[in-house]
Protein chains: 2
Amino acid sequence: TDRADGTGKADDQASEFGQQLPGPRLGVGMDCCVIPLRHGGLSLVQTTDFFYPLVEDPYMMGRIACANVLSDLYAMGITECDNMLMLLSVSQKMNDKDRERVMPLIIQGFRDAAEEGGTSVTGGQTVINPWIIVGGVASVVCQPNEFIMPDGAVPGDVLVLTKPLGTQVAVNAHQWLDQTERWNKIKLVVTKEEVKEAYQEAMFSMATLNRTAAGLMHKFQAHAATDVTGFGLLGHANNLAAQQRNEVAFVIHNLPIIAKMAAISKACGNIFNLVQGKSAETSGGLLMCLPREQAAKFCSEMKSQSSGAGGQGAAGGAWIIGIVEKGDRRARIIDKPRIIEVPPRGTQAANQDNNSTSPAPSANLS
Amino acid sequence: TDRADGTGKADDQASEFGQQLPGPRLGVGMDCCVIPLRHGGLSLVQTTDFFYPLVEDPYMMGRIACANVLSDLYAMGITECDNMLMLLSVSQKMNDKDRERVMPLIIQGFRDAAEEGGTSVTGGQTVINPWIIVGGVASVVCQPNEFIMPDGAVPGDVLVLTKPLGTQVAVNAHQWLDQTERWNKIKLVVTKEEVKEAYQEAMFSMATLNRTAAGLMHKFQAHAATDVTGFGLLGHANNLAAQQRNEVAFVIHNLPIIAKMAAISKACGNIFNLVQGKSAETSGGLLMCLPREQAAKFCSEMKSQSSGAGGQGAAGGAWIIGIVEKGDRRARIIDKPRIIEVPPRGTQAANQDNNSTSPAPSANLS
C-alpha cells in the first residue's frame, strides 16, 4: 500500500526540522515542542501530525487521527489540551455526494475524540488534494510539573507498552481479503474471520486515547516515555534511548501483538519486520520507563481503568516488555522475544473476560 | 491553474469548523482561535494555513508560506509569535535530486521569514503526497492588551489596506508567458517585461510580513482588522463587516492594484473578478478600520518604515481605500472605484523613488 501506515512519515518533531538546527535543540522535545514562554514559568507544548486514511470507516478515521495527534502530548505525561486545530484535505476525485457523506463523518470522529480528551477543535484549514489528508495540531500551556521530559531513565527501570503492536499488518491483511494472490500467501495461518477481528481490534486500538496512561505516568513516577508510531517499536525505543541523560540501554524481551499478526507477518515473507520491531504503527501505545517497583502497579491500574471504561473508550492495555540497563543509549530486541498474542476484544474469549486485552503483566522477564 | 491561488481554500478559521458548532462561536476569532487559558488572564492565540506552491522559486515559496501563516496573528494586532510548526509534503513525482535541491530551500525560506518575525520553527510534520504542500502553524500566548479583537469598527472609521491587490492575476499571467493562446488574449495590454516585473512584485509582496502593520495597529488605535487572502478583498471585507458589534457597513472606493493587473484581468474576460474585489490573494495585506484622524498618520508611518527597511524586508504599503458608515454589516465596492496602479519595486520609477510602492495616501475619497 502506498497509503498511510507510516510510510514516508517523519512524525517525530526532532526529525525533519530539528536536525537542521545546529547546536543544542532548544525547545525541541521528543514528541512535542516545549517552548518556554514570557509568562511566569509557563511552557507552550505543541505537536502536529497528519496523514492519509488507513481504515475504511470515516468516523473511526477521524477518531484515529485525533488520538494520534494527542498521543504526542500524552507521551510527555500531559493529560490536558488547551486547543486543537484540524488539518484536512478533500480529495478532488470524490464527487459531491461522497464528499458530503464522508467529510462530516471524519470531522465528527475527530471532534468526538477531542471531546473525550477534554478539549475541542476551534479551527483548522481545508484544501483540495488528490488524496484525503486528516490531521491536526494540539497545543497546551503548562506549568513545569504538568509534563515529564523524556530523558530520566535509570538502569533497573522497566519498559512498559500500553497498546499491542501489529496495526499495520492488520490493516494490510484486511485489504488482502480481496486480493487473491496476497490472500493465498497467508490463508494457511489465518481465517478471514480472524483477519476481520484483528482489523477491528487495530481500529479500536488506534482510536484509543493514551490519556489514561499519561495520567498514570505521574502517579507511578515514569522516568521517560514516547509514543510508538511510524518508526515501529524498535525505532521509537532507539529514539527514546538516544535522548536519555544517563548511559542506559533498552532491552526488549516481550512483544504484545494483536493475535495472529505475527503469523501473518511471517507467512507473507516478513515484509513488515513486525517481530524485529520495525513495523510502522499508527496511534500506537506509550512506551515508557517506569521504576521497577511501580511497573506492576501501573499495569494493574491500566487494566482496571480499561475494563471499567470498556469499548472504544478503553484505556488500552499495559505489558511489561523489557528492562533498562547500563549501556550506550540504544535499544534492542532479544533474539527470541516472547510473543504475547493479544486477542481482539470482539472475540468470544474477550467477551467472556473484559480484561483479556490487558493480560496480567509478566514481571518475570525471560 | 488548478494549483494554489486560493481555489478550494477555506482559510478562515470560522468557515469549515466554526459553522458546525451550534451556539456562540466561543474561542473562534476571525483569523485565529483565541483560547482563554487556565493561567492568569492569558490567552492562546493560534492559526494554521497550508497550500500549494504558486511561485517557481522554492526559497520565496517558503517565505510566502510563512508570511501567510503569521499574517493571521498580525491581523489581530499581535506582533510576537512564540512558536511555529511547519507542515510539508514532498511530491512523490520528484526524483531524489530535485527533492534534495528544492525542499531545503523551501524550509530555509520558511525559517528565514519566521526569524524575521522574531520567532522560530521548532517542529512540524512531513508526508509524501502527489503535490507539494507548504504551510505551518503559528501560536502565541498573549495578555489581553496584546491583541485587538476584530469587532470594534464605528461609523466614521476609514478602511486601510496594506498591500496592493492582484497577486493571483500576476502569478497566472506569468504562467501564460509560455502559453500562446492565453498570451494572445492579453498581449495587447501588457508587455512580457511588465508581466515579469509584476510577478516579481507579487512574489515580494506575498513574502512581506504584515508585522509592521500589526504593530502600528496599536499605535494608531485600529478598531478591527483582517488579512486579505483566498476570498479576495470584498470577501474578507464582508467577513469583517459581519463580525462587527456596531451596525456598520464598509464602502470601498479605491483599489490599489499591482500595475497592469487590472488591464490584464479585463483583457482576459474578467475571469478573476479583480476590480469586483473577488480575485483571490495569497498572503495579502491587512484590511483595517482606523479612526479617521489616525489613518493618514498610519499610512505615512508605514511608508517611512517601508522605505527604511527596503527590499524584501519592507513593511508593505498603505492605502486608504474606503469608509465605514452605518449599515447592515456588509461590504461593497462603489460602481466605478478608482484604480491605483502600484508600480513594481523593480521598475526604474520605483528605483528612483523608494517610496513608490506606498504612494501618499489619498484622504479625499472619491
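Small disclaimer: the values here were computed from a predicted structure and weren't measured.

In this structure, what is going on with the sheet that holds strand β5 (residues 133-142) of chain A? I would like to understand it.
The pairing of strands in a sheet happens through backbone hydrogen bonds and is either parallel or antiparallel. All names here are of chain A. Spatial strand order, β1-β2-β5-β3-β4: five strands in an open sheet with mixed pairing. Lying at the two open borders of the sheet, with one neighbouring strand each, are β1 (33-36) and β4 (121-129). In this sheet, neighbouring strand axes are inclined to one another by 15° on average, regardless of whether the strands run parallel or antiparallel. Here strand β3 (residues 83-91) pairs with β4 via eight bridges, running parallel. When the sheet's bridge partners are listed, Ser91 is paired in β4 with Asn129. Lying on the sheet, helix α2 (residues 58-74) is in contact with β2 (43-51), β3 and β5; it crosses β2 at an angle near 145°.

Whenever I open this one, the packing of α2 of chain A against helix α3 (residues 96-116) of chain A confuses me. Can you help?
When two helices pack together, their arrangement is given by the angle between the helix axes and by the axis-to-axis distance. All names here are of chain A. Relative to each other, α2 and α3 sit at 40°, their axes nearing to 6 Å. Between α2 and α3, the crossing angle belongs to the class labelled oblique. In the packing of α2 onto α3, the handedness of the crossing is right-handed. Between α2 and α3, the residues in contact are Pro58, Tyr59, Gly62, Arg63, Ala65, Cys66 and Leu70 and Val102, Leu105, Ile106, Gln108, Gly109, Phe110, Asp112, Ala113, Ala114 and Glu116, respectively. Looking at the contact of α2 with α3 residue by residue, the classes come out as 11 nonpolar, three polar and three charged.

How do you make sense of the pairing of β5 of chain A when you look at a structure like this?
In summary, the side chains of a regular strand alternate between the two faces of the sheet. Residue and element names in this part refer to chain A. Of all 10 residues making up β5, 10 are buried, and the element is well covered by its neighbours. Alignment of β2 against β5, held across nine bridges, turns out to be antiparallel. The residue bridging Val45 from the neighbouring strand is Val140, located in β5. As paired elements, β3 and β5 share seven bridges and run antiparallel to each other. Among the inter-strand pairings, Leu88 is bridged to a residue of β5, identified as Val134.

I keep staring at the confidence of the model for chain A and nothing clicks. Help me out?
A low pLDDT means the predicted coordinates there should not be read in detail. Residue and element names in this part refer to chain A. On average, chain A scores 86 in pLDDT, and the residues at 70 or more come to 83%. Every residue in residues 1-29 scores below 50 in pLDDT, and together they form 83 contacts with partners more than four places removed in sequence or on other chains. For the stretch residues 308-313, pLDDT sits under 50, and the model shows eight contacts to residues farther than four places along the chain or on other chains. Overall fold confidence for the complex sits at a pTM of 0.82, while the interface term, ipTM, reaches 0.76.

Where do I start with the environment of Lys219 of chain B in this structure?
Residues and elements named next belong to chain B. One can find Lys219 in helix α7 (residues 211-219). You can call Lys219 partly exposed: its relative accessible area is 48%. Linking Lys219 and Phe298, residues 79 residues apart in sequence, is a C-alpha distance of 8.5 Å. At 2.9 Å, the side chain of Lys219 forms a polar contact with the side chain of Glu301.

In this structure, what is going on with the environment of Leu85 of chain B? I would like to understand it.
Residue and element names in this part refer to chain B. Residue placement: Leu85 occurs in strand β3 (residues 83-91). Overall, the relative accessible area of 0% leaves Leu85 in the buried class. On a C-alpha basis, the gap between Leu85 and Pro164 in space is 28 Å, while along the polypeptide they are 79 residues apart.

Explanation requested: the pattern of salt bridges in the structure shown.
Side chains bearing opposite charge may pair, as long as their charged atoms lie close to each other. One pass over the structure, following the stated rule, counts 20 salt bridges over all chains. The partner of Glu116 of chain A in a salt bridge is Arg63 of chain A, with the nearest N and O atoms 2.3 Å apart. You can see Glu116 of chain A sitting in helix α3 and its partner Arg63 of chain A sitting in helix α2, a full 53 residues away along the chain. For Arg63 of chain A, a relative accessible area of 7% puts it in the buried group. Residues participating in the shared-partner salt-bridge network are Arg38 of chain A together with Asp82 and Glu146 of chain B.

Any chance you could explain the packing of aromatic side chains here in plain terms?
Each aromatic ring pair is characterised by the separation of its centres together with the angle its planes make. Per the counting criterion, the structure on display carries six aromatic pairs over all chains. Ring geometry for Phe220 of chain A versus Phe298 of chain A: centroids 6.2 Å apart, planes at 85°, classification edge-to-face. With Phe220 of chain A in the loop between α7 (211-219) and β7 (224-227) and Phe298 of chain A in helix α10 (residues 292-309), the pair connects residues that are 78 residues apart, well separated along the chain. The exposure class of Phe220 of chain A is buried, given its relative accessible area of 6%. When the centroid spacing of 4.9 Å and the interplanar angle of 90° are considered together, the rings of Tyr52 of chain B and Trp131 of chain B count as edge-to-face.

Help me out: how do you make sense of α3 of chain A in this one?
In an α-helix there are 3.6 residues to a turn, and that puts residues three or four apart on one side. Residue and element names in this part refer to chain A. With 21 residues, α3 extends 30 Å between its outermost C-alpha atoms, agreeing within 8% with the 30 Å of an ideal straight helix rising 1.5 Å per residue. Within α3 the residues assigned to the buried category are Val102, Met103, Ile106, Ile107, Gly109, Phe110, Arg111, Ala113 and Ala114. Between the side-chain oxygen at the start of α3 and the backbone nitrogen of Lys97 there is a gap of 3.2 Å, and the oxygen is on Asn95. Looking at the residues trailing α3, positive phi occurs at Gly118, about 75°.

Mind showing me how you'd approach the nonpolar core here?
Inside soluble globular proteins, nonpolar side chains tend to come together where they are buried. Core analysis: the largest hydrophobic core is formed by 89 residues, its most contacted members being Val45, Met84 and Phe250 of chain B. Of all the elements, helix α2 (residues 58-74) of chain B adds the most residues to this core, at 10 residues. Among all residues touching Met84 of chain B, those that are not within four sequence positions of it are Cys66, Val69, Leu70, Phe110, Ala114, Thr119, Ser120, Val121, Thr122, Gly123, Val137 and Ala138 of chain B. By size, the runner-up hydrophobic cluster in this structure holds 88 residues, among which are Cys32, Val45, Ile64 and Ile257 of chain A.

Is there a simple way to explain helix α4 (residues 167-176) of chain A in this structure?
Residues and elements named next belong to chain A. Extensive coverage of α4 is indicated by the burial of nine of its 10 residues. All buried positions along α4 are accounted for by Thr167, Gln168, Val169, Ala170, Val171, Asn172, Ala173, His174 and Trp176. Next to the buried residues of α4 lie α5 (180-186), α6 (192-207), β8 (248-258) and α9 (261-267).

Even after reading the chapter, I still don't get the sheet that holds strand β6 (residues 158-161) of chain B, so can you show me in this structure?
All names here are of chain B. Pairing in this open sheet of six strands is mixed, and the strands run β7-β9-β6-β10-β8-β11 from one edge to the other. Strands at the two margins of the open sheet, each flanked by one partner only, are β7 (224-227) and β11 (331-342). For this sheet, the mean inter-axis angle between neighbouring strands, taken without regard to orientation, is 20°. Looking at chain direction, β6 and strand β9 (residues 286-290) are connected through four bridges and run antiparallel. Bridging from a neighbouring strand, Val158 pairs with Leu290 of β9.

Is there a simple way to explain the side chain of Asp82 of chain B in this structure?
By the element assignment, Asp82 of chain B lies in the loop between α2 and β3. Polar side-chain contacts of Asp82 of chain B include one of 2.8 Å to the backbone nitrogen of Val141 of chain B. Discounting chain neighbours no more than four positions away, the residues touching Asp82 of chain B are Ile35, Leu37, Arg38 and Leu44 of chain A together with Thr119, Ser139, Val140 and Val141 of chain B.

What exactly am I supposed to notice about the packing of α2 of chain A against α6 of chain A here?
All names here are of chain A. Between α2 and α6, whose axes approach to 7 Å, the crossing angle comes to 45°. If you check the angle between α2 and α6, you find them oblique. Residues Met60, Arg63, Ile64 and Ala67 of α2 form the contact with α6, whose own contacting residues are Met203, Phe204, Met206 and Ala207. A per-class count over the contact of α2 with α6 returns seven nonpolar, no polar and one charged.

Cut-offs and rules
- Residues numbered from 1 in each chain as written.
- Chains lettered and ligands numbered in written order.
- Predicted model: local features only at pLDDT ≥ 70, side-chain atom pairs only at ≥ 80, totals over all residues.
- Heavy atoms only, no water.
- Pairing = 2+ DSSP bridges.
- Helix = DSSP H or I, 4+ residues; strand = E, 2+ residues; numbered from the N terminus.
- Axes fitted to C-alpha atoms, helices over the stretch in contact; angles between N-to-C directions.
- Contact = heavy atoms within 4.5 Å.
- Parallel < 35°, antiparallel > 145°, perpendicular 65-115°, else oblique.
- Left-handed = near helix turned anticlockwise from the far one by under 90°.
- Nonpolar A, V, L, I, M, F, W, Y, C, P; charged D, E, K, R; others polar.
- Buried < 20%, exposed > 50% of the residue type's maximum accessible area, 1.4 Å probe, protein only.
- pLDDT = per-residue confidence, 0-100.
- Polar contact = N/O pair within 3.5 Å; in protein donor to acceptor, adjacent residues only side chain to side chain.
- Salt bridge = Lys/Arg side-chain N within 4 Å of Asp/Glu carboxyl O.
- Phe/Tyr/Trp six-rings, centres within 6.5 Å; stacked < 30°, edge-to-face > 60°.
- Expected span 1.5 Å × (residues − 1).
- Core = buried A, V, L, I, M, F, W, Y, C linked by side-chain atoms within 4.5 Å.

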